[in-house]
Amino acid sequence: MTARDDLLRHACAVAAGNGSGADPRLLRQGVDPATARRAAVLMLFGVLDDVPAVSPLDLVAADLDVLLLERATTLNSHPGQVAFPGGSIDPGDATTADAALREAQEETGLDPAGVEVLGVMPELAIPHSNFLVKPVLAWWAAPSPIRVVDPAESAQVFRIPVRDLLAPDNRVTVTVAGRERLPGTPGFLVNGVVVWGFTAMILDHLFAQLGWAVPWDAGRGHVLSLE
């Protein structure tokens, strides 16, 4: 069974009410649906052509990757964080998937025609910015070039091997300097970037639901400075 098969099976199970599509910690906690802004993000998996995983562990295919970006440090909301492409759902967006694809095209330059939407996951909460977000799970059937379209929005756009995200040596529990007493979040240290917070929690839960996750030392901490 291929990675696409695993992703599609998960999307179908969630749509049928037979799968856990969301980390319980992110289900509308601390966000008022009456005042929250709605958004969509694109969880786009595909096959990385020329930069296979560094990890030798046979966890998933070495060329399986996911599309991420690093937000510009000048942004008011979540500056400098690694995230999925995405943003606010506009009145002109016919569906949640349309919103995610439009935002991804605006941020990364990808061609939406090459993206196969597999399903929409349950709505998740980001209390800090008062957003309710629906992740759109997708497969990159025909990959297209990507780039930073607007430097004011994104510092970099990249495809990262999933095998490297799964490698136990790259897993940490992330806390923020000055807030160490607050619960940490699952994190990934890969290719010089730290994936943490909302994005890392989505990936951590998804990998577990797909059966891709492997045990890692949650006691290994990483303190992140937001200064």
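Just above, that's the structure.
None of the values given here were measured: they were computed from a predicted structure.

**Q** What am I meant to see in the nonpolar core here?
**A** A general trend in soluble globular proteins is that nonpolar side chains are found buried together. Within the largest apolar cluster, 41 residues are counted, with the highest numbers of intra-cluster contacts made by Phe-45, Leu-137, Val-162, Phe-207 and Trp-212. The leading source of residues in this core is helix H4 (residues 197-210), at eight residues. In this structure Trp-212 touches Ala-3, Asp-6, Leu-7, Phe-45, Val-60, Leu-64, Val-162, Leu-166 and Phe-207, once residues within four positions along its chain are discounted. In this structure, Ala-40, Ala-83, Val-136 and Val-157 belong to the second largest nonpolar core, which totals 17 residues.

**Q** Teacher, can you tell me more about the sheet that holds strand E10 (residues 185-190) here?
**A** The pairing of strands in a sheet happens through backbone hydrogen bonds and is either parallel or antiparallel. The four strands are arranged E11-E10-E9-E12 in an open sheet whose pairing can be described as mixed. Two strands lie at the open edges of the sheet, namely strand E11 (193-195) and strand E12 (221-224), each paired on one side alone. Strand after strand, the sheet turns through a mean of 40° between neighbouring axes, direction not considered. Judged from the four bridges that link them, strand E9 (residues 171-176) and E12 form a sheet pairing that is parallel. Across the sheet, Thr-173 pairs through a bridge with Gly-221, a residue of E12. Across the sheet, H4 touches E9, E10 and E11, and the angle it forms with E10 is around 95°.

**Q** What is the right way to read unusual backbone geometry from this model?
**A** Note: most peptide bonds trans; most residues except glycine with negative phi. Of note, Asn-191 is a non-glycine position whose phi angle comes to about 55°, a positive value. As for its position among the elements, Asn-191 is in the loop between E10 and E11.

**Q** Help me out: how do you make sense of the environment of Leu-69 in this one?
**A** Here Leu-69 is to be found in strand E2 (residues 64-71). Spatially, the C-alpha atom of Leu-69 lies 16 Å from that of Val-136, the residues being 67 residues apart in sequence. Contacts of Leu-69, omitting those with residues within four sequence positions, involve Gln-81, Val-82, Ala-83, Phe-84, Pro-85, Glu-107, Thr-108, Ser-154, Gln-156, Val-157 and Phe-158.

**Q** What should I look at first to understand the pattern of salt bridges in this one?
**A** One side chain can pair with another of opposite charge once the charged atoms of both are near each other. Scanning the entire structure with this criterion turns up 11 salt bridges. Asp-5 is the salt-bridge partner of Arg-4, the closest N and O atoms lying 3.8 Å from each other. Given the relative accessible area of 31%, Asp-5 is considered partly exposed. Here Arg-171 makes a salt bridge to Asp-204, at a shortest N to O gap of 2.9 Å. Placement of Arg-171 in strand E9 and of Asp-204 in helix H4 is noted, with a sequence separation of 33 residues between them. A single burial state applies to Arg-171 and to Asp-204, both of which are buried. One network of salt bridges, with partners in common, ties together Asp-90, Asp-93, Arg-102, Glu-103 and Glu-106.

Parameters at a glance
- Residues numbered from 1 in each chain as written.
- Predicted model: local features only at pLDDT ≥ 70, side-chain atom pairs only at ≥ 80, totals over all residues.
- Heavy atoms only, no water.
- Core = buried A, V, L, I, M, F, W, Y, C linked by side-chain atoms within 4.5 Å.
- Buried < 20%, exposed > 50% of the residue type's maximum accessible area, 1.4 Å probe, protein only.
- Helix = DSSP H or I, 4+ residues; strand = E, 2+ residues; numbered from the N terminus.
- Contact = heavy atoms within 4.5 Å.
- Pairing = 2+ DSSP bridges.
- Axes fitted to C-alpha atoms, helices over the stretch in contact; angles between N-to-C directions.
- Salt bridge = Lys/Arg side-chain N within 4 Å of Asp/Glu carboxyl O.

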